[in-house]
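Coordinate inspection notes
Each chain is listed here by its residues.
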Amino acid sequence: MKYTAFWNWIFFLFIFAVYTTAIQNMTMADNDITCTSDAICPEYLGERSFCSEGICQCIRHHHTNNSGICIKDRGLMETCESNDQCYWGPEMVDKMECSLGVCACKYGYVKHTGRICVRYFGNSGLRNNSNIIIITVISILLTAAFY
């Protein structure tokens, strides 16, 4: 019985990690505003928006800030005044910040090939997610074996 509780706890932590990652990967554009013409969108998202397939969107190379207004994307090493200006696609959400007037990788991340920030794990260098997947699969298989 002790093993079952342990593996249930491991499984819970895995599900929580997957859910947390999914929430972090959500972009600011998840609040869809329906539209029938371009004239409607600036009222909600500002002048840098348009209507596409019935949904208001920011123009290319723009995203919604914390106030829900479309602003220009700013990548690594570009000037900024606030954290919500630093955005370079959904894969970079929560990985950049405005530091001393320049978009930079947040603490715990390092610049990698161009404009991408990746998690840094000390002397072990960059770590890929395949280790986490392997451990998860083994945990699920072991949990199934005990039932």
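Cut-offs applied
- Residues numbered from 1 in each chain as written.
- Predicted model: local features only at pLDDT ≥ 70, side-chain atom pairs only at ≥ 80, totals over all residues.
- Heavy atoms only, no water.
- Helix = DSSP H or I, 4+ residues; strand = E, 2+ residues; numbered from the N terminus.
- Buried < 20%, exposed > 50% of the residue type's maximum accessible area, 1.4 Å probe, protein only.
- Contact = heavy atoms within 4.5 Å.
- Areas by Shrake-Rupley, 256 points an atom, 1.4 Å probe, with all protein chains shown as cover.
- Core = buried A, V, L, I, M, F, W, Y, C linked by side-chain atoms within 4.5 Å.
- pLDDT = per-residue confidence, 0-100.

A count of helical and extended segments in the chain gives three helices and eight strands. For the chain, the N- to C-terminal ordering of α and β elements is α-α-β-β-β-β-β-β-β-β-α. Each of the 147 residues in the chain was classed as buried or not, and the buried ones make up 24%. Taking all contacts inside the chain whose residues are at least 6 apart in sequence as the whole, residues at least 24 apart take part in 26%. Here the chain has roughly 10400 Å² of accessible surface; of this, 60% comes from carbon and sulfur atoms.

Once that is clear, we can look at the nonpolar core. By size, the foremost hydrophobic cluster in this structure holds 10 residues: Leu 76, Cys 80, Cys 86, Met 92, Met 96, Cys 98, Cys 103, Cys 105, Tyr 109 and Cys 117. When residues of this core are traced back to their parent elements, those giving at least two are β5 (96-99) and β6 (102-105). With residues up to four places along the chain from it excluded, the contact list for Cys 105 reads Leu 76, Lys 95, Met 96, Glu 97, Val 110, Lys 111 and Cys 117. In this structure, Cys 35, Cys 41, Cys 56 and Cys 70 belong to the second largest nonpolar core, which totals seven residues.

Chain-level statistics for the chain give a pLDDT mean of 78 and a share of 64% at 70 or above. Scored below 50 in pLDDT, residues 16-30 shows 11 contacts in the model against residues more than four places distant or in partner chains.

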